[in-house]
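For reference, the chains in residue letters:
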Amino acid sequence: MTFILRGLVLHTPKNPFREAGALQAFSDGGLAVAEGRIRAVGHFAELARQFPGAPVQDCREGLLLPGLVDTHVHYPQTRVIGAMGYTLLDWLEKRTLPLEARLSDNKLARELAREFVRLLLRNGTTTALVFGSHFQGATANLFGAAEDVGLRLIAGQVCSDRRLRPELHTTPERSYAEQKMLIQRFHGRGKLRYAVTPRFALSASEGLLEVCQALLQEHPDLYFTSHINEHTEEIRTVAELFPWSAHYLGTYDRFGLVSERSVFAHNVHPSEPELRRLAEARAAIAHCPSSNAFIGSGIFPMRRHLAHGVRFALGSDVGGGTGFSLLKEGFVAYLAQRLAPDGLNLTPAHLLYLATQAGAEVLGLGAEIGSFAPGKAADILWVKPEAGSSLEVHFRHLDSPEELLGSLFTLHGEARVEKVWLLGQEAALN
Ligand code: GUN
Ligand code: ZN
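## Concerning the packing of helix α12 (residues 326-339) against helix α16 (residues 401-410)
One can describe the packing of α12 onto α16 by two numbers: an axis separation of 8 Å at closest approach and a directional angle of 100°. The angle between α12 and α16 places the two elements in the roughly perpendicular class. Within the contact between the two elements, α12 uses Leu326, Leu327, Gly330 and Phe331 and α16 uses Leu408, Phe409 and Thr410. Split by residue class, the contact of α12 with α16 holds five nonpolar, two polar and no charged.

This is the structure:
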């Protein structure tokens, strides 16, 4: 049965970095949804004519947007958000890894998993590429929790075998066996997919990276994700650990881990050869602006990524990042680019694109999610201004949809996710 959502509809079916007019807006618009898919997007009056008798839900306060796509977020780290004053390696050692070690406790892991998927949805994220836990059981809990709420999840058991803390270290043999079980159990089940996830080259021996390579060869449709070029001290350490590698990317590339299925988080300090190689391999970057600022890693060289044709989209990087909101990430990306000497002047259309369709494409899901093109999954977000907020004032007094979108990103803290639909089904947000 078809139903219609009526409201101010905004999406970016085209790439605003490449063409003008990428933002499509319908002020009194609508989305016709049937069998979990977008059937039509357009002016409400036309949809009402096209689908007479279809029930209409009035979403006219606020905006209807495609579900947001988070290309980098850590399941065990919700409770680390806000740990101020550290840089990457001491933040990991003192704040993050002690908490991650506690996920050997399955009861805690289950609680964190439920909390995590609920927080993604409450922030309008309907698809996420997630760093799981170092523990197999906890990672299984994450997949289970995502399946329970209908979240589209790509995730993997994080693996490391050196330089973290002993409880988090595995061995290549054990990691192979544990990951293999998770792949068999979860990869391809409903909307769940598996990503091979070494934490970063710094904490992975060559033997462990070989295991990652073997898994990808045995299952070519798996994803691969890790961190890269985030912080200068990390980059120096990786260079010492892999003296044969010309650069950080080379540590992954040697093991066949740089491909169209790869998503690397951060890339704040890339060299030119790395950008060339990422572009050539069609590998993608998860750009995590609030984390880059919060941990003090640096400003993402967006212009250089664009110049090389390296694909990128937004990641919240909770808990190095400052929360689950991709609206906030879009806004912080905007601020960072304003401050960078060679930064770009991003528009609201760029921000929406980076939070939706760009993420879909980075995850190889560009034809399935990311915009309201007919036939795509009906993953939809309705955001409303908080009553009495300055964002509400904007909604009452601004009339251009693009200006409203700019206000939404800027005043993201005053926006409330009213409802989320996953494949056309309303999700429970509490
Ligand atoms: N590099 C290795 N592990 C992490 C992590 O948990 N967060 C971030 N931001 N960078 C990392
Ligand atoms: Zn991260």
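## Focus: the coordination of the zinc ion (ligand 2)
Expected angles at a metal are 109.5 degrees for tetrahedral coordination by four donors and either 90 or 180 degrees for octahedral coordination by six donors. Taken together, His72 (NE2), His74 (NE2), His227 (NE2) and Asp317 (OD) make up the protein donors of the zinc ion (ligand 2), found 2.0 to 2.4 Å from the metal. With four donor atoms in place around the zinc ion (ligand 2) and angles of 89 to 167° between them, the coordination shape is irregular. All donors to the zinc ion (ligand 2) come from one chain, and their sequence spacing reads H-x1-H-x152-H-x89-D. Of the two residues, His227 is situated in strand β10 (residues 223-228) and Asp317 in the loop between β13 (311-314) and α12; the sequence distance between them amounts to 90 residues. Its relative accessible area of 6% is what places His227 among the buried residues. A relative accessible area of 3% places Asp317 in the buried class.

## What about the nonpolar core?
Inside soluble globular proteins, nonpolar side chains tend to come together where they are buried. Ranked by size, the top nonpolar core spans 126 residues in total, and within it Tyr75, Tyr252 and Phe264 carry the most contacts. Tallying contributions element by element places helix α3 (residues 106-122) first for this core, with nine residues. Cys59, Phe372, Ala378 and Trp421 belong to the second-largest nonpolar core, a separate cluster that totals 14 residues.

## Quick look at the pairing of strand β9 (residues 192-198)
In summary, the side chains of a regular strand alternate between the two faces of the sheet. When you tally the buried positions in β9, you get six out of seven residues, the bulk of the element. Pairing between strand β7 (residues 152-156) and β9: three bridges, direction parallel. Along β9, the bridge assignment pairs Leu153 with Leu192. Here two bridges tie strand β8 (residues 158-159) to β9, and the two strands are oriented parallel to one another. Across the sheet, Val158 pairs through a bridge with Thr197, a residue of β9. Note that the unit made of β8, helix α5 (residues 172-186) and β9 has a crossover that is right-handed. Note: β9 against β10, two bridges, orientation parallel. Looking across to β10, one finds that Val196 is bridged to Phe224. Between the parallel elements β9 and β10, the chain passes through helix α6 (residues 206-218) in a crossover that is right-handed.

## Let's talk about the pattern of salt bridges
In this structure the tally under the stated criterion is 21 salt bridges. Close ionic contact of Arg282 with Glu260 constitutes a salt bridge, the shortest N to O distance being 3.4 Å. On the criterion of sequence distance, the pair formed by Arg282 in the loop between α9 (272-281) and β12 (284-287) and Glu260 in the loop between α8 (248-253) and β11 (262-266) is long-range, its members being 22 residues apart. Judged by its relative accessible area of 47%, Glu260 is partly exposed. The partner of Glu386 in a salt bridge is Arg416, with the nearest N and O atoms 3.8 Å apart. Taken together, the residues span a long stretch of sequence, with Glu386 in the loop between β14 (380-385) and α15 (390-397) and Arg416 in strand β15 (residues 415-422) at a distance of 30 residues. Members of the salt-bridge network, linked through shared partners, are Arg37, Arg152, Glu368 and Asp379.

The rules we used
Residues numbered from 1 in each chain as written. Chains lettered and ligands numbered in written order. Predicted model: local features only at pLDDT ≥ 70, side-chain atom pairs only at ≥ 80, totals over all residues. Heavy atoms only, no water. Axes fitted to C-alpha atoms, helices over the stretch in contact; angles between N-to-C directions. Helix = DSSP H or I, 4+ residues; strand = E, 2+ residues; numbered from the N terminus. Parallel < 35°, antiparallel > 145°, perpendicular 65-115°, else oblique. Contact = heavy atoms within 4.5 Å. Nonpolar A, V, L, I, M, F, W, Y, C, P; charged D, E, K, R; others polar. Donors = N, O, S within 2.8 Å, 3.2 Å for Na, K, Ca; no water. Tetrahedral: all angles 85-135°; square planar, octahedral: opposite > 155°, others 65-115°. Buried < 20%, exposed > 50% of the residue type's maximum accessible area, 1.4 Å probe, protein only. Core = buried A, V, L, I, M, F, W, Y, C linked by side-chain atoms within 4.5 Å. Pairing = 2+ DSSP bridges. Right-handed = clockwise from strand over helix to strand, strands pointing away. Salt bridge = Lys/Arg side-chain N within 4 Å of Asp/Glu carboxyl O.

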